[in-house]
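# Results of the structural survey
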Amino acid sequence: FRSDELRLFRDRLRIDIPVEDLIDADGLTPYYHPGFRSPEYEYLMERRRALQGYLPERVERSRTFVMPQAEVTASLMEGTGEKIQASTTMAFTRLLRQLMLAPEWGHRVVPIIPDEGRTFGMDGLFNDLKIYAPGGQRYEPVDAALLLSYREARNGRILEEGITEAGSMASFTAAGTAYATWGEPIIPFFIFYSMFGFQRVGDLIWAAADSRTRGFLLGGTAGRTTLAGEGLQHQDGNSHVLALPVPNCLSYDPAFAFELAVIIRDGIKRMYVDGESIFYYITVMNEQYAQPAMPKGADVEAGILKGLYLFKASADKKAKVRAQLLGSGTILNEVVKVQEMLAGYGVAADVWSATSYNELYRDANDATRWNMLHPGEKAKVPYVTSCLAKTAGPVIAASDYLKSQPGMLAQFI
């Protein structure tokens, strides 16, 4: 700085420094202290005391959180039977209602919707739980005569933000950090068109990750095939690929209601009981099909959370030609059809549900790195490798997303 600039700066801020002291003998600007009893000093110290220290620190004062009872998710575990069809979006809405009505902690569940509540079949929640509006219902909606009418109230529990993913992400971040900011654990469920999430507000999702936000992002009408009739703007083939680089975001593409229930229940435990600073991205679809009951077996639940489990083994144990079929989301139904087609050609194919190609890759990548850094110790085996190591035949993976997503696993199979 030139001396005349410093003098102007001193005069503007009314700092008590003599002109001859503005620049010392070395040409440097001196350190200025207003005095330990000055109003400026007292004000700064008062602000530091209010902030509970001199350096930024995450102080968690969160209350003890009790896990949901198993009955909350029991209905999703049982399936719908062969005659009743339902989508994973419908299953999520059903689970969300049960979570919100749970005693003791259900009031902590906050649904956030950027305008598409009816597309996701969530209008059934409007009448009972209502949409939050600080001034209450001030107009008569066009569907006022309907049972599932749009209802606003001062004590509404649903945040219907209007067409603003950015505004909804702000609400998601505020709710998802309340465990630290206010000492109140709040569980946000932000559901949006999957194409309009990581692609449209990716920077805000990264900001939420940096803030150690906890909660659930739900990508509705997910994949490239769900809403193909509405054009490319809804054909999401990339959201799971874009979710992979966010290190504390766990992404899943469940095919069935029981998978969804297992993931959400485990997410609540990890985030609100164990206190992990992670959040989830889960895709749900509009296709309706018979929802199977959760298969028996001790490894099924663990496999769902790790990203892969054997959903339907081939009944033909003597076939000479075998194959392994991996699928995720609604595409898993097509994989099951392929299993039946191949059986007609004498090919015994096993069907694996890949609930998360991303989590499989992260696990395999972590194992590879650990092995590289510990050459003298017993090597770790990636989970996906251990699942498929004893199987026979080629491995064919399918998803509704870019080929690069399942393709990441090729080196570990």
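Residues numbered from 1 in each chain as written. Predicted model: local features only at pLDDT ≥ 70, side-chain atom pairs only at ≥ 80, totals over all residues. Heavy atoms only, no water.

## A word on the environment of Leu 242
Inclusion rule: What counts as a helix is a DSSP run of H or I of at least four residues, what counts as a strand is a run of E of at least two, and both are numbered from the N terminus. Type-normalised accessible area, obtained with a 1.4 Å probe on protein chains alone, sets the label of each residue: buried when under 20%, exposed when over 50%, and partly exposed for intermediate values. It only takes one pair of heavy atoms within 4.5 Å for two residues to be counted as in contact.
Mapped onto the secondary structure, Leu 242 falls in helix α9 (residues 239-243). For Leu 242, a relative accessible area of 36% puts it in the partly exposed group. Not counting the four nearest positions on each side in its chain, Leu 242 is found in contact with Phe 198 and Gln 199.

## Describing helix α12 (residues 331-343)
We apply this condition: Every helix has an expected span of 1.5 Å times one less than the residues it contains.
Between its first and last C-alpha, α12 extends 19 Å over 13 residues, near the 18 Å set by a 1.5 Å rise per residue. Those residues of α12 that fall on the buried side of the exposure criterion are Ile 331, Leu 332, Asn 333, Val 335, Val 336 and Gln 339. Against β10 (289-290), β11 (309-312), β12 (321-327), β13 (347-353) and β14 (395-398) lie the buried residues of α12.

## Some remarks on the packing of helix α6 (residues 165-176) against helix α8 (residues 198-210)
We apply this condition: For every element, the axis is a line fit to its C-alpha atoms; helices are fit only across the contacting stretch, and the angle between N-to-C directions ranges from 0 to 180 degrees. Oblique is the label for any angle not covered by the other classes, which are roughly parallel (under 35 degrees), roughly antiparallel (over 145) and roughly perpendicular (65 to 115). Three classes are used: nonpolar for Ala, Val, Leu, Ile, Met, Phe, Trp, Tyr, Cys and Pro, charged for Asp, Glu, Lys and Arg, and polar for all others, with Gly counted as polar.
For the pair α6 and α8, the least separation of the axes is 10 Å and the interaxial angle reads 10°. As far as their axial angle goes, α8 and α6 are roughly parallel. Only Arg 200, Val 201, Leu 204, Ile 205 and Ala 208 of α8 make contact with α6, whose side of the interface consists of Glu 165, Ala 166, Met 169 and Thr 173. Residues belonging to the contact of α6 with α8 are distributed by class as follows: six nonpolar, one polar and two charged.

## Some thoughts on the sheet that holds β12
The line we're drawing: One requirement defines pairing of two strands: DSSP has to find at least two bridges between them.
Reading across from one edge, β11-β13-β12-β14 is the order of the four strands in this open sheet, with mixed pairing throughout. Edge strands, defined here as strands with exactly one partner in the open sheet, are β11 and β14. Ignoring strand direction, the axes of neighbouring strands in this sheet form an average angle of 35°. With four bridges connecting them, β12 and β14 associate as parallel partners. Paired with Gln 324 across the two strands is Val 395, which belongs to β14.

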